[in-house]
Each structure stands twice: as structure tokens, then as C-alpha cells.
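Okay, here's what each chain looks like letter by letter:
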Amino acid sequence: MKVLIVGGVAAGTKIAAKLKREDRSAEVTILTKGKDISYAGCGLPYYVGDIIKERKDLVVNTPEAFSKLTGASVFTHTEVTHVNREAKNVEARDEETGKISTYTYDKLVIATGASPFLPDCEGTNLKNVFVMRTPDDAVALREAVDAGEIKRAVVVGGGFIGLEVAENLNAKDVKVSVIDFAPHILPGFFDPEFSAYTEDKLADHGIMCFTGVALESIIGTDKVEKVKTSRRAMKADACILAMGVRPNTAFLNDSGIEMFKGTVITNQYLQTNDPDIYAVGDCAMVTNRVTGDAQWSPMGSTANIAGRIAAMNLAGKEIAYPGVLGTGVAKLAGICVGRTGLNEKPAKDAGYDVETVVTVVDDKAHYYPGSGSFIIKMIADRASHKLLGIQVLGNESVDKVVDIAVTAISMKATLEDLQSMDFAYAPPFSTAIHPFAHTVNVMLNKLSGAFETITPAEYAAGAAEDYKIVDSAINPTIKGAPFIDLTKLEGPVEGLGKEEKLLLVCAKGKRAYMVQNRLKHFGYTQTKVLEGGVTFNTSVYDDVE
Ligand SMILES: Cc1cc2nc3c(=O)[nH]c(=O)nc-3n(C[C@H](O)[C@H](O)[C@H](O)COP(=O)(O)OP(=O)(O)OC[C@H]3O[C@@H](n4cnc5c(N)ncnc54)[C@H](O)[C@@H]3O)c2cc1C
């Protein structure tokens, strides 16, 4: 069997290597543009920040080493320009000589990835305008920084790639601003209140995010001098364009292969509408594992997981790829972010009876040096009690909370399934009730009515306007608000009416829950706890008259 793979980075090399292990007799050939194969796109920002020292460390295998290791042939600098499905061959252009060659196949794999979106505006060709996709992109940016050319940079695009580059530039003392057209950074990744919190944390670390701001042009004579936005012109020595990626599929336009907005449509076996042609990675559309809807997942994880399955199917197996949850995790300046599953609005749009809860919970034993907090937003279905999604902020290890949720959602677990799971605990790692399980418990309390709350999103939207804020922290912290000391709460509180609308606010939400529990016992009927306390809802301090 002759298998041609077009594209030789994450998906392409994964498929080639796995296929040769599955079927040594398969004749596997990779045709790919550019000089590198198998490079770590995900590692590029860390090369910019000197965490990864050498370019060669970004390239997992050279073509020669890969061929020796796997038995697959690799042709670099080879751009496929046309697919002839009837003749079962592709035409490819040698990027160095311009020579056109034809390669035949029994099975073809499209693994051509995606390229950074380049805006149609003036100045994108100026010196010190960068994108971040290949090792050479990272080398160019680091060289310019190390040469002292870049003191101030504007990153256009507040997705995880732009923010990772921002973090690494910031670590090298470049003053970085991020602009994004969307109302918040990390659009689609987080719900708005989690994005807004992240923006505040980045600002604390010197990275200013300007949202709802569009790029208009890049100004300069030879090199970048200013970045003109819909709000103002910002002085800058460099502009990093991180406005998303677009699938590399233009060469398929006349092939009859079905596509949607440039992504190749595949079935669960990763085949296109032509059963002899597969598509995997950033160039292909996959499905959302919860909703079953089509979803684009331009992620290295998806390229590798789906690539492995495609290879097994090419070797004759019949394995269905179950799809993605939109899982992602990123280390940003001063904060780590992670998510999986459905966010609040998409969950509602998908028809679920959505309940959410925000907790601020210790990430390890509070007395252990270096302990901090996770801020977790959990999304579940009221009717079935199934977990639908999670968003996590933290100093570190957010991936462990996200990955439990990935497992739970993939296995369609209910909150009851999850609440008593035997998660690992020792003080340096976690808490006796795992932060994830703690959040499940809080969600169950909320669903049962034992925990009555106003969420941060509701609070920001004005849901607490007719509530009296009651400080329920260990010590009074909210100037002008009545204070309840939980340890002395043994009966009705003077000055607080039992029918009065009271918003109980503490540091994180936990102590206020205990106060609420006690107040209910004493006949108070209209109390609510502000989820996430003042840790998450910092505007509370300004909201008390
Ligand atoms: C800065 C950065 C950070 C990232 N961080 C993460 C992360 O933390 N986690 C994560 O999961 N993902 C991350 N990603 C995404 C991840 O790198 C991509 O999803 C992954 O590389 C996609 O693999 P792919 O094989 O589909 O495509 P690509 O890696 O784009 O490879 C496709 C290859 O095909 C070649 N090609 C294109 N057209 C043709 C043609 N016509 N003929 C021949 N060859 C062609 C391309 O030149 C390229 O070499 C990051 C990406 C970037 C840029």
C-alpha cells in the first residue's frame, strides 16, 4: 500500500511513524513545504523567552533521522499544488528548483496544518512585524529582541499564542501591550468574567490588554514605529500578529473534497468524502464530543490523537475518533489558565439546563509553602447532573483539574459519580478533599438549594443591586458594610432584617456559605452568597456606599 502524507509536522509525522509500526510493508512518503519537519510549534514562545535555549531543541527530528527511525520517506521543500483523485496522484512543486513532479498514492492524507492569518492592512511587510508558527519565526523574534531592537511590542490577538508570546517577551523586559478586537482576551476559551480576571492579572504583571480594539495599520518608514488601532496609535518597535490561523487547504479547492470554511470535513474515521483520502490536524474539522457538532480544533493535541487513530485506520483497523472537548491550557504572565468542555453560553445554546458555580479553593494544603488558590468555574446540567465544562485559573497545575474534568466529561460522569472519588492527596500536591471534588460538592449544594448565590457574572450584570452587602470575612475588610463574625453568630443579627436581601461576601465564598447556613437556621430568608468572594469580585470594595 502506497500512502502519501501531505504535511510533515505534528499530524503528518505522527501518522507516518504510527502507520509504519502498524504495517511495516506500507510505503509511506511525506511531502512537506519548508525545510523542517516534526517541529514543536507549541514550544516556540519559550524559545523567544530563552527557556528553550537552542533552535535544534525545537525540532524533534530532522528528515534524515525521522526516515531512519520510522522507515518513512520524507521530501522537504515540496509543496503539493494539486490533487487528481481520478488518477490517484498529486502534483508537487519543488520550492527550490520550481520543478513539478507527480506522486501516486493508494491512500492520501492531508495534514497541511494552518498558517497565521495576515490582516489586509498597511505595514505588515515592515521590519519587526512577526508571526509565530515556525522555528524561523521564533528565531527572528528572539534575535531582534536580543539585538536590543525591541523595547516595546504590540501583540495583536489575545488568544493563547499571542498571550504566550507576550509572557515571554515580558520576561525579557520588553514592554508588551495586547490588543484584541473581541470584548475580552481568550475569546471562546473562557467565559467573559474569567477572561476579565485574567486581563487584571496580566496587568499586574505589566502586560496591558486593550480589548474591543481593532488593528488598523502598522506605521513606520522601514521598521515598525507605531501600531494604529481603532482607539489610538501605540508606539512600538515590534508588532506580533497572532490573530488566529487559517487552514492550508487552498490547493484542494478544485479537488471535489468537501470543505467547510476552508477546513476539510471528515467522518469519524477521519476520512474525507473520498474514502481513500484522510485529513487530520489543523486543516481538518472534527466534532465536539459533547454536542456532536462540527468543531475546529487547531491544537497539537488533536493533531496527534487523531493522527494516531488515522494511522491505525489506514492500516486496516476501524477506530472511531470520538472528537474534542476544546481542552486547552496555557501558562501566562503570573497566571495559568485551563479549560475543557462547554462554556456557559454554548452549553445553554446546546439546550442544557445550565447551572454554574465559581469556587476559590486551595491548590494544595494551605499551610504548605508555595500554596495558592485555584479559581474554578464548573458548568453542569441541572436535569442530568452531568458535568459539561470547567474553566480554571491558578498559579500552577491547572491542568490537573482540567484533566479530571476531561475524563469525567468524556465518560459522561454525573456530579454524584465524582464527589467521592479517591483523588490523590498529600500536602505538597493537593487538599484532603481535592479542589475538583470540593467544587463538585459546592455545585451539589447549589443544586440542592443549600447554597444560594449570586455568581460573579450575575453580580457584574447588576443582580445584587437591591441587596445589602454584608461582610462575612474572618475580619472586617469591606469599608461601610455591616460585619458578621461567624464565630459569634448565635442568633438574629441586630440591624439585619430576616426578610432583608443580604449579600454575604467573604474572601473566597466559603465562610459566607457558613454564615448563610447559620442565618437560615435563625430564620433569614433572603440571603445570597457572592461566589468567589472579594478574591474574584474585586469591584465589591467600590460598590459599598
Ligand atoms: C506558538 C504556538 C503555540 C502552540 N501551543 C500549543 C499548545 O500549547 N498546545 C496545543 O495543543 N497546540 C498548540 N499549538 C498548535 C499546534 O502547534 C498545532 O495545532 C499543530 O502544529 C498542528 O499540526 P498539523 O500537523 O496539523 O499542522 P502544522 O504543524 O501546521 O504542519 C503542517 C505542515 O504542512 C505544510 N504544508 C502546508 N501546505 C502544504 C502543501 N500544500 N504541501 C506540502 N506541505 C504543506 C506546512 O508548511 C507545515 O509544515 C501551538 C501553535 C503555535 C504556533
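The structure we're discussing is the one just above.
Residues numbered from 1 in each chain as written. Predicted model: local features only at pLDDT ≥ 70, side-chain atom pairs only at ≥ 80, totals over all residues. Heavy atoms only, no water.

## Section: the sheet that holds strand 27 (residues 387–394)
On the basis of which strands lie adjacent, the open sheet formed by 5 strands has the order 23-24-27-26-25 and antiparallel pairing. Of all strands in the sheet, those with a lone pairing partner are strand 23 (328–332) and strand 25 (354–362), marking the two edges. The average undirected angle you get between the axes of adjacent strands in this sheet is 10°. Summarising the sheet, strand 24 (residues 335–341) and strand 27 pair through 6 bridges and their orientation is antiparallel. When the bridges of strand 27 are listed, Gly-338 appears paired with Val-392. Contacts between helix 9 (residues 398–410) and the sheet are confined to strand 23, strand 24, strand 26 (373–381) and strand 27, with strand 27 contributing the most and set at about 175° to the helix. Relative to strand 25, helix 11 (residues 435–448) is tilted by about 135°, and along the sheet it contacts strand 25, strand 26 and strand 27. (Pairing = 2+ DSSP bridges. Helix = DSSP H or I, 4+ residues; strand = E, 2+ residues; numbered from the N terminus. Axes fitted to C-alpha atoms, helices over the stretch in contact; angles between N-to-C directions. Contact = heavy atoms within 4.5 Å.)

## Some points on the site of the ligand
As a structural note, the neighbourhood of the ligand is formed by 33 residues, with Ala-11, Arg-133, Asp-282, Met-299 and Gly-300 the closest of them. Within the contact set of the ligand, an oxygen atom lies 3.2 Å away from a backbone nitrogen or oxygen of Ala-10. Here Met-299 contributes a backbone N or O atom positioned 3.2 Å from an oxygen atom of the ligand. Put simply, the parts of the chain that give the shell around the ligand at least two residues each are helix 1 (10–22), strand 4 (78–84), helix 5 (160–171) and helix 7 (300–314). A per-class count over the shell around the ligand returns 17 nonpolar, 11 polar and 5 charged. (Near = heavy atom within 4 Å. Polar contact = N/O pair within 3.5 Å; in protein donor to acceptor, adjacent residues only side chain to side chain. Nonpolar A, V, L, I, M, F, W, Y, C, P; charged D, E, K, R; others polar.)

## Brief notes about helix 6 (residues 192–204)
Side chains of residues three or four places apart in an α-helix project in the same direction, reflecting 3.6 residues per turn. The end-to-end C-alpha distance of helix 6, which contains 13 residues, comes to 19 Å, matching closely the 18 Å that a straight helix rising 1.5 Å per residue would cover. Among the residues trailing helix 6, Gly-206 stands out with phi positive, at a value near 90°. (Expected span 1.5 Å × (residues − 1).)

## Structural notes on the sheet that holds strand 6 (residues 100–104)
Strand order in the open sheet formed by 3 strands is 4-5-6, and the pairing between neighbours is antiparallel. The open sheet has two free edges, formed respectively by strand 4 and strand 6, since each of these has just one partner strand. Sheet twist, expressed as the mean angle between neighbouring strand axes with direction ignored, is 30°. Where strand 4 lies against strand 5 (residues 89–94), 6 bridges are found, and the strand directions are antiparallel. Its bridge partner lying in strand 5, Glu-79 is registered against Arg-93.

## Observations regarding unusual backbone geometry
Comment: phi is negative for the bulk of residues other than glycine, and the bulk of peptide bonds are trans. A positive phi angle is found at Asp-50, which is not glycine, with a value near 70°. Mapped onto the fold, Asp-50 is located in the loop between helix 2 (44–48) and helix 3 (63–70). Positive phi values are uncommon outside glycine, yet Asn-128 reaches one of about 70°. Mapped onto the elements of the fold, Asn-128 is located in the loop between strand 8 (114–116) and strand 9 (129–130).

## Here's the deal with the packing of aromatic side chains
The tally for this structure, following the rule as stated, stands at 7 aromatic pairs. An angle of 80° between the planes, with centres 5.5 Å apart, marks the rings of Phe-190 and Phe-194 as edge-to-face. Comparing Phe-190 with Phe-194, the two get one shared label, buried. A connected cluster of aromatic rings, assembled from ring pairs, spans Phe-189, Phe-190, Phe-194, Tyr-197 and Phe-536. (Phe/Tyr/Trp six-rings, centres within 6.5 Å; stacked < 30°, edge-to-face > 60°. Buried < 20%, exposed > 50% of the residue type's maximum accessible area, 1.4 Å probe, protein only.)

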